[in-house]
Amino acid sequence: MLKWLKDNWLLLTILLLAAWFRAGGISNFDYHHDELSALLRTRFSDFDSLIAKGVAIDGHPAFTQIFLWFYTEIFGFEPWVVKLPFTIAGVLSVWLGFSIAKKLFGESAGYVSAMLLAILQYGIIYSQWARPYSFGLFFVLLSFLGLVNFRKYNRALDLLVFALSTALAGLTHYFALLQVIIVTLVWWLWQSKADKKSILIASCWAFLLFLPHWSITMNHLEIGGIGEWLQKPKPDFWWQVIQFVFHYHWLIPAFLFVFVLLGFKQIPISKEHWINR
């Protein structure tokens, strides 16, 4: 145990930092409007009413709403209690980011990735909201880790993790599903023929798991946008997002630029390398 702590002290420190930034003062947190809307849609006596009146009308997939329905029935509506699972998912996402980056690019990349996920306000804020975003990030990263582990260990278990987490990403947020599709497609193009076939089969499993939600998704597509809730983005939207992510300061992106530049000199980018590694 002591040896494990000694070997992993830096990762544990980062995880504790991530937990502190997300949960420090959590007992003082209150709900915002979006959370209140979701919680109001948990007060149904039966599951069919929850789906018809709490999920189908919202535009988000069902997972988070169903989770809140069961969770609040057991633990109540105290804000810090409701937010806690989403905060935990945010901290676990830091570990997933570390694991993926370490296995792909080395330990240093893993620590940098984990630190960024731990301290950037973008991830911190969305880990404090009882909304789909923290769960969505967790399932996206878990899905990709399943692919990375399958390439490394060639285990059916890792394909199962990929299929389950891909389906759960789609059941959590449609943009999470879109991200999984893009990442999987890019990863698939660089794999061997045998692995490509396995990934396609696992992707079919994921689709079958998502299939019961299909009619709800089709209904969501008919709803359209959320213009009554949010204003249309201004022309400088993406620039504002980038500034927000990096705390409106040039230091963090400058550090990342240098780190990535140095990393490109050491990481082989040939297809043969990624297939045979």
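Everything in this summary refers to the structure shown in the same document. This is a predicted model, so every value here is computed, not measured. (Residues numbered from 1 in each chain as written. Predicted model: local features only at pLDDT ≥ 70, side-chain atom pairs only at ≥ 80, totals over all residues. Heavy atoms only, no water.)

Counting secondary structure elements, the protein contains 16 helices and zero strands. Rg of the C-alpha trace for the protein: 20 Å, near the compact-globule value of 19 Å for 277 residues, within the 12% margin. Taking the principal axes of the C-alpha coordinates as reference, the protein spans close to 55 × 50 × 45 Å. The buried share of the protein, reckoned over its 277 residues, is 40%. Within the protein, residue pairs in contact and separated by at least 24 positions form 73% of the contacts whose partners lie at least 6 positions apart. Of the roughly 16500 Å² of accessible surface on the protein, a fraction of 71% belongs to carbon and sulfur atoms. A gap of 13 Å separates the mean positions of the 21 positive and 16 negative side-chain charges of the protein. (Helix = DSSP H or I, 4+ residues; strand = E, 2+ residues; numbered from the N terminus. Rg over C-alpha atoms; globule rule 2.2 N^0.38 Å. Buried < 20%, exposed > 50% of the residue type's maximum accessible area, 1.4 Å probe, protein only. Contact = heavy atoms within 4.5 Å. Areas by Shrake-Rupley, 256 points an atom, 1.4 Å probe, with all protein chains shown as cover. Lys, Arg positive; Asp, Glu negative; His and termini not counted. Charge placed at Lys NZ, Arg CZ, Asp CG, Glu CD.)

A few words on the packing of helix α2 (residues 9–23) against helix α6 (residues 79–105). At their nearest, the axes of α2 and α6 sit 9 Å apart, and the two run at 150 degrees to each other. Of the possible angle classes, the one that applies to α2 and α6 is roughly antiparallel. In terms of crossing hand, the pair formed by α2 and α6 is right-handed. In this structure, α2 contributes L11, I14, L15, A18, A19, R22 and A23 to the contact, and α6 contributes T87, G90, V91, V94, W95 and F98. Residue composition of the contact of α2 with α6, by class: 10 nonpolar, two polar and one charged. (Axes fitted to C-alpha atoms, helices over the stretch in contact; angles between N-to-C directions. Parallel < 35°, antiparallel > 145°, perpendicular 65-115°, else oblique. Left-handed = near helix turned anticlockwise from the far one by under 90°. Nonpolar A, V, L, I, M, F, W, Y, C, P; charged D, E, K, R; others polar.)

So, on to the pattern of salt bridges. When charged atoms on two side chains of opposite charge get close, those side chains can pair. The tally for this structure, following the rule as stated, stands at five salt bridges. Salt-bridge contacts for R41 lead to D58; the nearest nitrogen and oxygen are separated by 3.3 Å. Of the two residues, R41 sits in the loop between α3 (33–40) and α4 (47–55) while D58 sits in the loop between α4 and α5 (63–75), which places them 17 residues apart along the sequence. Using a relative accessible area of 10% as the deciding quantity, one classes R41 as buried. (Salt bridge = Lys/Arg side-chain N within 4 Å of Asp/Glu carboxyl O.)

Attention now goes to the nonpolar core. With 29 residues, the main nonpolar core has L68, V82, I100, L104, F144, L147 and W187 as its most contacted residues. Every element with two or more residues in this core is listed here: α3, α6, α9 (132–153), α10 (156–172), α11 (174–189) and α12 (193–210). If one sorts the elements of this core by residue count, α9 sits on top with 10 residues. Each residue touching L147, except ones within four places of it in the same chain, is listed here: F162, T184, W187 and I199. Core analysis: the second largest hydrophobic core is formed by 10 residues, I14, V94, F98 and A118 among them. (Core = buried A, V, L, I, M, F, W, Y, C linked by side-chain atoms within 4.5 Å.)

Now for the packing of α10 against α11. As a packed pair, α10 and α11 sit with axes 6 Å apart at the nearest point and diverge in direction by 140 degrees. Taken together, the axes of α10 and α11 lie oblique to each other. Contacts from F162, T166, A169 and G170 in α10 reach Y174, A176, L177, V180 and T184 in α11.

Here T42 is to be found in the loop between α3 and α4. Using a relative accessible area of 5% as the deciding quantity, one classes T42 as buried. Within the structure, the side chain of T42 is placed 2.5 Å from the backbone oxygen of L39, a separation counted as a polar contact. (Polar contact = N/O pair within 3.5 Å; in protein donor to acceptor, adjacent residues only side chain to side chain.)

Before going further, it helps to spend a moment on the side chain of K83. Note on placement: K83 falls in helix α6. Classification of K83 as buried rests on a relative accessible area of 2%. A polar contact of 2.7 Å, which involves the side chain of K83, links it to the side chain of E35. Ignoring anything within four residues of it in the chain, the contact list for K83 reads I26, F29, D30, Y31, E35, S127, Q128 and W129.

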